[in-house]
Amino acid sequence: MIMASQTLTSFEEKLKSSFPTPENIPAEVRIDGKKYEPLYLLDGKLLKWDGTLDDVSSPICISENGQVKRTIIGQVPSMDATSAMEGVYAAVRAWDNGRGEWPTMSVKGRISAVEKFVGRMRLVREEVVRLMMWEIGKSLEDSYKEFDRTVDYIIKTIDALKEVDRNNSRFSLDDGVIAQVRRSPLGVCLSMGPFNYPLNETYTTLIPALIMGNTLVVKPPKFGVLLHQPLLEAFAECFPKGVVNFIYGDGAKIIGPIMQSGLIDVLAFIGSSRVADILKHQHPRPHRMRCILGLDAKNPALVMPDADIDLAVRECVTGSLSFNGQRCTGLKIMFVHSSIIDQFLKKLVDAIDKLPQGMPWEKGVKLTPLPEFNKANILKGYIDDALTKGAKIMNQGGGTFYETLFHPAVVYPVIPDVKLYSIEQFGPIVPVCSYSDEKEFLDFVTNSNYGQQLSLFGNNPKIMAQLIDRLTNQVSRININCQCQRGPDTLPFTGRKDSAEATLSISDALRCFSIRSLVAAQSNENNKDIVQSIVTSRYSNFLNTDFIL
């Protein structure tokens with residue numbers, strides 16, 4: 001934070017002037033935080049919280065009377081452990097040891113409920129998008145993309161489950177045993193999504209867990225919490241009571257007791273490996289808990305001497321600075337061959353200098369306010385550490401910040417004993433290394449604690465093939481001449497080492513949140529008659545030959 005008494009540099013003045021006055025905010029993007037009562041979803045009911053409240057502040061600071069500060073856009077419940085546990089108990093009752101209405105419902109019935117929900121979800125698109133923009137500073141354009149991608153993900157998940165169920169509708173006969181194998185739910189799931197994709201990455205675990213028959217306790221992220229409010233009513237109306245429950249509060253205070261209760265069967269968490277380790281160790285029977293984790297990453301790029309430099313720069317800028325670099329799939333460090341380093345750096349700096357910085361609703365904006373408190377000071381600390389060890393800021397104004405706006409910094413050369421070499425900065429800093437031998441890059445990837453993805457830029461097929469063969473057992477995705485990314489959602493999304501546990505994609509997620517279960521019988525006339533009667537009379541939701549179109 002810049003103190004009012006300090007003399008501002010020209011870059012600080014420029015950043016300060018980017019924040020709007022109240023009257024300069026376009027009417028179509030304004031929100032009325034007072035309309036959002038502190039509601040929570042418990043046991044199928046929308047309840048108003050009458051206890052302590054937490055303010056929801058926006059990274060979009062408002063300029064009034066020469067002062068620039070974050071604004072309060074709403075309030076949410078600040079639950080204690082006892083109150084949060086009520087959400088768990090509701091999910092446990094709805095699960096009912098696997099005998100509840102939702103876990104025993106037919107696949108067709110669950111699909112119908114999720115289809116109803118997505119229809120209701122579409123009705124609040126504008127409201128959710130505006131809240132996302134105000135809560136986390138994501139551009140209006142990207143907020144729309146996140147919403148639409150989430151809706152598309154739900155529809156594709158429904159289609160994938162139909163395909164899975166059609167494949168499982170047959171009986172097998174082997175060694176005199178007749179059997180039908182299907183997928184059944186696991187139990188009570190705790191879903192915790194990240195702030196950078198508070199809708200999409202929450203729902204990429206919530207929806208598959210839900211549609212497979214699990215019951216849920218959802219803890220929204222600290223930033224990106226209010227945007228779920230318009231959807232609570234839809235959850236209440238579309239699913240049986242207790243199937244989906246939303247809890248709020250300080251995760252450090254409420255999640256520990258939840259895990260220690262031993263009532264959680266599935267942990268779906270996207271965040272840091274440090275927190276994931278704590279959560280897992282708090283569970284009294286961790287071997288009975290399925291974990292689906294999306295964790296840290298330090299995805300590197302290798303720019304080889306024969307690379308198309310213009311292409312590499314374009315992809316590296318997008319990969320490192322989309323949503324201000326606040327993506328686990330973002331490019332976090334670049335290794336550029338010494339023969340082209342000067343040319344690469346010049347084009348990189350030129351490209352970054354052209355990126356529009358401002359408020360999320362401004363057309364074409366690429367750099368927006370950071371939602372995390374004190375994030376700018378943390379990033380400045382990483383830069384200062386590099387500068388003391390011989391690095392330089394290569395672009396004018398790099399690392400300058402005012403309140404929540406932080407101007408990107410290209411830092412070079414970044415050497416192994418610099419924090420930016422190994423720490424995931426999760427912000428608009430672009431560390432660049434120069435290399436002369438590809439072994440330096442290979443050693444970096446091998447020694448890294450993380451193993452999500454990497455990018456290779458070059459045009460020699462033989463060298464590219466050699467690198468691929470050496471690196472496929474270090475990371476889970478290698479991107480050729482393009483940035484690291486998650487999509488399309490049909491592809492597996494996972495990581496090695498400290499970067500992930502389990503695999504997410506549309507089809508993989510359905511498997512992650514379920515287990516194969518089967519009904520088997522000796523193939524004799526009596527058993528055949530029993531099975532035939534069950535199927536023909538449609539007595540069972542599990543044992544059937546229904547073909548869902």
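Each remark here, short or long, concerns the structure printed above.
Just so it is clear, the model here is predicted, and its values are computed rather than measured.

Q: Mind showing me how you'd approach the overall build of the protein here?
A: If you tally the helices and strands in the protein, you get 17 helices and 24 strands. What you see for the protein is a C-alpha radius of gyration of 25 Å, in line with the 24 Å of a compact globule of 549 residues. With the principal axes as the frame, the protein shows a C-alpha extent of 85 × 60 × 40 Å. Within the protein, buried positions represent 56% of all 549 residues. Summarising the internal contacts of the protein: among those between residues at least 6 apart in sequence, 74% fall at separations of at least 24. Surface accessibility of the protein: about 23300 Å² in total, with carbon and sulfur atoms responsible for 50%. In the protein, the 61 positive side-chain charges and the 62 negative ones have mean positions that sit 2 Å from each other.

Q: Would you take a moment to explain the pattern of salt bridges for this structure?
A: Should the charged atoms of two oppositely charged side chains come close, the side chains can pair. On inspection of all chains with the given rule, the structure shows 25 salt bridges. As a salt-bridge pair, D443 and K439 come within 2.7 Å of each other at their nearest N and O atoms. One end of the pair is D443 and the other is K439, both in helix α14 (residues 438-447) and four residues apart, which spans about a single turn. Through salt bridges with shared partners, a single ionic network connects R149, E201, R486 and D489.

Q: Would you explain the sheet that holds strand β12 (residues 299-303) in this entry?
A: Backbone hydrogen bonds hold the strands of a sheet together, and the pairing may be parallel or antiparallel. Read across the sheet, seven strands follow the order β14-β17-β18-β13-β12-β20-β21 without closing on themselves; strand pairing throughout is mixed. Strand pairing shows two members of the sheet lacking a second neighbour, β14 (392-393) and β21 (477-480), which therefore form its edges. Running at roughly 155° to strand β13 (residues 331-337), helix α10 (residues 309-321) makes contact with β12, β13, β18 (429-435) and β20 (453-457) of the sheet.

Q: Help me understand the environment of W49 in this model?
A: Positionally, W49 belongs in the loop between β2 (45-48) and β3 (53-64). Setting aside its immediate chain neighbours within four residues, W49 contacts P38, Y40, P77, S78, M79 and S83. Within the structure, W49 has its side chain in polar contact with the backbone oxygen of T52 (distance 2.7 Å).

Q: Can you help me understand unusual backbone geometry in this one?
A: Backbone phi values are negative for most residues with the exception of glycine, while trans is the configuration of most peptide bonds. The step from Y412 to P413 runs through a cis peptide bond, and the omega angle for that step is -10°. Along the chain, P413 turns up in the loop between β17 (409-412) and α13 (419-422). Each neighbour pair has its own omega, and for G487 with P488 the value is -10°, a cis peptide bond. Checked against the element boundaries, P488 lands in the loop between β21 and β22 (496-497). Of note in the backbone geometry, F323 takes a positive phi value of approximately 45° without being a glycine. Among the structural elements, F323 can be located in the loop between α10 and β13. With relative accessibility at 7%, the residue F323 sits in the buried group. One non-glycine residue, N481, lies in the positive phi region at around 55°. Here N481 is to be found in the loop between β21 and β22.

Q: Could you clarify how one ought to interpret the nonpolar core in this entry?
A: Inside soluble globular proteins, nonpolar side chains tend to come together where they are buried. F117, Y203, F235 and F239 are the most contacted members of the largest nonpolar core, which totals 110 residues. Tallying contributions element by element places helix α5 (residues 140-167) first for this core, with eight residues. Setting aside residues no more than four positions away along its own chain, Y203 makes contact with F117, M121, T150, Y153, I154, P208, H228, L231 and F235.

Q: Would you explain the packing of helix α3 (residues 107-123) against helix α7 (residues 229-238) in this entry?
A: Between two packed helices, what matters for the description is the angle formed by their axes and the separation of those axes. The geometry of α3 relative to α7 is characterised by a closest axis approach of 9 Å and an angle of 155° between their N-to-C directions. Overall, the two elements α3 and α7 adopt an arrangement that is roughly antiparallel. The handedness of the crossing between α3 and α7 comes out as right-handed. Facing α3, whose interface residues are A113, K116, F117, R120 and M121, α7 presents L231, E233, A234, F235, E237 and C238. Considered class by class, the residues forming the contact of α3 with α7 number seven nonpolar, no polar and four charged.

Q: Is there a simple way to think about the side chain of N245 in this case?
A: Relative to the elements of secondary structure, N245 occurs in strand β9 (residues 244-246). Polar side-chain contacts of N245 include one of 2.8 Å to the backbone oxygen of G242. Apart from residues no more than four positions distant in its own chain, N245 is found in contact with L41, L42, D43, G87, A90, A91, L216, V217 and V218.

Q: Honestly, the sheet that holds strand β6 (residues 177-185) in this entry has me stumped. Any pointers?
A: Across the sheet, three strands lie side by side as β5-β6-β24; this open sheet has antiparallel pairing. What marks the edges here is a single partner per strand, and that holds for β5 (172-174) and β24 (514-522). Taking each pair of neighbouring strands and ignoring which way they run, the sheet shows an average axis angle of 35°. Alignment of β5 against β6, held across three bridges, turns out to be antiparallel. Bridging from a neighbouring strand, D174 pairs with V177 of β6.

Q: What is the right way to read α7 from this model?
A: Working note: α-helix, 3.6 residues per turn, so residues spaced by three or four point in the same direction. With respect to burial, α7 is a largely interior element, seven of its 10 residues being buried. Those residues of α7 that sit buried are Q229, P230, L231, L232, A234, F235 and C238. Where α7 is buried, its residues touch β1 (39-42), β2, α3, α4 (125-136), α6 (200-211) and β9.

Q: Is there a simple way to explain the packing of aromatic side chains in this structure?
A: Two measures describe an aromatic ring pair: the distance that separates the ring centres and the angle between the ring planes. Inspection of the entire model under this criterion finds 17 aromatic pairs. Taking the centre distance of 5.6 Å and the plane angle of 55° together, the rings of F223 and F373 count as tilted. Here the residue F223 occupies a position in the loop between β8 (215-219) and α7, and F373 occupies one in the loop between α11 (341-353) and α12 (375-387), the gap between them amounting to 150 residues. You can call F223 buried: its relative accessible area is 12%. Among the aromatic residues, those joined into a ring-pair cluster are W102, F117, Y203, F235, F239 and F246. Across from the ring centre of Y197, 3.8 Å away, lies the NZ or CZ of K138, which sits over that ring.

Q: How should the side chain of R182 be read in this particular structure?
A: Secondary-structure assignment places R182 in strand β6. According to the relative accessible area criterion, R182 is buried, its value standing at 5%. A polar contact of 2.7 Å, which involves the side chain of R182, links it to the backbone oxygen of F542. In this view, R182 contacts D165, N168, S169, I515, R516, S517, F542, N544 and T545; residues no more than four positions away in its chain are not counted.

Thresholds applied
- Here the residue numbering is sequential within each chain, running from 1 through the sequence in written order.
- Local features in this predicted model are restricted to residues whose pLDDT is 70 or higher, and side-chain atom pairs enter the listing and the counts only when it is 80 or higher, whereas totals over whole chains, interfaces and linings include all residues.
- Excluded from the side-chain calculation are hydrogens and water; included are all heavy atoms of the structure.
- Helix and strand labels come from DSSP, where a helix needs a run of H or I of at least four residues and a strand needs a run of E of at least two; each type is numbered from the N terminus.
- For the radius of gyration, the atoms used are the C-alpha atoms, and the globule rule reads 2.2 Å times the number of residues raised to 0.38.
- Classification of residues uses two cut-offs on accessible area relative to the type maximum, computed with a 1.4 Å probe and protein chains only: under 20% is buried, over 50% is exposed, and between them is partly exposed.
- Working rule for contacts: check all heavy atoms of both residues, and any pair within 4.5 Å makes them a contact.
- Only the protein chains shown count as covering a residue, and every accessible area follows the Shrake-Rupley method with a 1.4 Å probe.
- Charge counting treats Lys and Arg as positive and Asp and Glu as negative, with His and both chain ends excluded.
- In plain terms, the charge of a residue is placed at NZ if it is Lys, CZ if Arg, CG if Asp and CD if Glu.
- Between Lys or Arg on one side and Asp or Glu on the other, a salt bridge is scored when a side-chain nitrogen of the former is within 4 Å of a carboxyl oxygen of the latter.
- Pairing between two strands is assigned when DSSP locates at least 2 bridges connecting them.
- The axes are straight lines fitted to the C-alpha atoms, using for helices just the contacting stretch, and the angles between their N-to-C directions are given from 0 to 180°.
- Side-chain atoms alone can form a polar contact between residues adjacent in sequence; in general such a contact is a pair of N or O atoms within 3.5 Å, and within protein one must be able to donate a hydrogen while the other accepts it.
- Nonpolar core, defined: a set of buried Ala, Val, Leu, Ile, Met, Phe, Trp, Tyr and Cys residues in which side-chain atoms within 4.5 Å join the residues together.
- Should an angle fall under 35 degrees it is taken as roughly parallel, and over 145 as roughly antiparallel, whereas 65 to 115 is taken as roughly perpendicular and any remaining angle as oblique.
- When the near helix sits turned anticlockwise from the far one by under a right angle, the crossing is termed left-handed; a clockwise turn instead gives a right-handed crossing.
- Charged means Asp, Glu, Lys or Arg here, nonpolar means Ala, Val, Leu, Ile, Met, Phe, Trp, Tyr, Cys or Pro, and polar covers whatever is left, Gly included.
- What counts as a ring pair is set by centres within 6.5 Å for rings of Phe, Tyr and Trp (its six-membered ring), and what kind of pair is set by the plane angle: stacked under 30 degrees, edge-to-face over 60, tilted for all other angles.
- Consider the ring centre and the ring normal. A charge sits over the ring if Lys NZ or Arg CZ is within 6 Å of that centre and within 35 degrees of that normal.

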